[in-house]
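# Overview (structure and organization)
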Amino acid sequence: SKTEKTIRMIRTEDIPAVLEIYRPYIESTVITFEYEVPGLPEFAERVSDTLRQFPWLVCEMNGQVVGYAYASSFHERSAYAWDCELSVYVAQEFRRFGIGSALYRALLPILQAQGYYQAYAVIAVPNEGSQSFHRRFGFQPVGCHPKSGYKFNRWCDVEYQALVLHEFDTPERPPCSICELSAEKVRALCNAAVGAS
């Protein structure tokens, strides 16, 4: 059907399309605090750095990459190893197709399988779309940094929302790298996310 979605891990050849999805968010919104659109080599390096530890997923419709989501370190210090921060971006003309939701339905179980305990969303507010999107997945607001970012001649507050992925017991080890999960398991979780829509 026209809205047939595929969720999968990013490939090198997806990177230009992913950067083009990201571009308008940098150029015309405060959703990202980045000012300048990165060059393709720099962006490709970010993707490969992320993939050393975290999943980076894309959503494809009719062979076109229309959205992506990934996790990253919440903070660098060792004690934060069980936390991650999430990012999701959807091509402007494909919003309202449930793409962000499908991506999160894959991303969150993959992070659980890796052994993450808590996922954070860091949102420049007000952004009712992102705030309610995260609440639908069970994220709870846990704090706000007032006037934390300056972009397009205004100061922006930043809201933190958190989702508990795992009960807070004593961890046996830090979360494993995405490379340590089997490709079959990742594929199964991605396919299940699309089936659930």
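Residues numbered from 1 in each chain as written. Predicted model: local features only at pLDDT ≥ 70, side-chain atom pairs only at ≥ 80, totals over all residues. Heavy atoms only, no water.

## Notes on the overall build of the protein
Rule in force here: Secondary structure elements are defined from DSSP: runs of H or I of at least 4 residues count as helices, runs of E of at least 2 residues count as strands, and each element is numbered from the N terminus. Only the C-alpha atoms count toward the radius of gyration. The rule for a globule is 2.2 Å times the residue count to the power 0.38. The cut-offs for exposure are 20% and 50% of the maximum accessible area for each residue type, with area from a 1.4 Å probe on protein chains only; residues under the lower value are buried, those over the upper are exposed, and the others partly exposed.
Across its full length, the protein carries five helices and seven strands. Listing the helices and strands of the protein from first to last along the sequence gives β-α-α-β-β-β-α-β-α-β-β-α. Taking 2.2 N^0.38 as the reference for a compact globule, 197 residues should give roughly 16 Å; the C-alpha atoms of the protein span a radius of gyration of 16 Å, in line with that estimate. Along the first, second and third principal axes, the C-alpha atoms of the protein reach 45 × 40 × 35 Å. Classification of the 197 residues of the protein by burial places 47% in the buried group.

## Quick notes on the sheet that holds strand S1 (residues 5-9)
Which entries qualify depends on this criterion: By this definition, two strands are paired if DSSP reports at least two bridges between them. Axes here refer to lines fitted to C-alpha atoms; in helices the fit is confined to the stretch in contact. Angles between the N-to-C directions go from 0 to 180 degrees. Any pair of residues with heavy atoms lying within 4.5 Å of one another is described as a contacting pair.
Taken together, seven strands build an open sheet; the order of strands is S1-S2-S3-S4-S5-S7-S6 and the sheet is mixed. Where the open sheet ends on each side, the last strands, each with one partner, are S1 and strand S6 (140-151). Taking each pair of neighbouring strands and ignoring which way they run, the sheet shows an average axis angle of 25°. Of the pairings in the sheet, the one linking strand S3 (residues 64-73) to strand S4 (residues 83-90) comprises seven bridges and is antiparallel in character. Of the residues in S4, the one forming a bridge with Gly 67 is Val 90. Each of S1, strand S2 (56-61) and S3 touches helix H2 (residues 40-51); the most contacted strand, S2, lies at about 115° to it. Helix-sheet contacts for helix H5 (residues 183-195) involve S1 and S2, and the interaxial angle to S1 is about 155°.

## Side note on the packing of aromatic side chains
Our working definition: Here a Phe, Tyr or Trp ring, Trp counted by its six-membered ring, pairs with any other such ring whose centre lies within 6.5 Å, and the pair is stacked when the planes are under 30 degrees apart, edge-to-face when over 60, and tilted otherwise.
In the structure shown here, the tally under the stated rule is 19 aromatic pairs. For the pair Trp 56 and Tyr 70, a centre-to-centre distance of 4.1 Å together with 15° between the ring planes defines the contact as stacked. Note that Trp 56 is positioned in strand S2 and Tyr 70 in strand S3, a separation of 14 residues in sequence. Taking relative accessible area as the criterion, Tyr 70 reaches 17% and is therefore assigned buried. Centroid distance Phe 133 to Phe 137: 5.3 Å. Interplanar angle 55°. Geometry classified as tilted.

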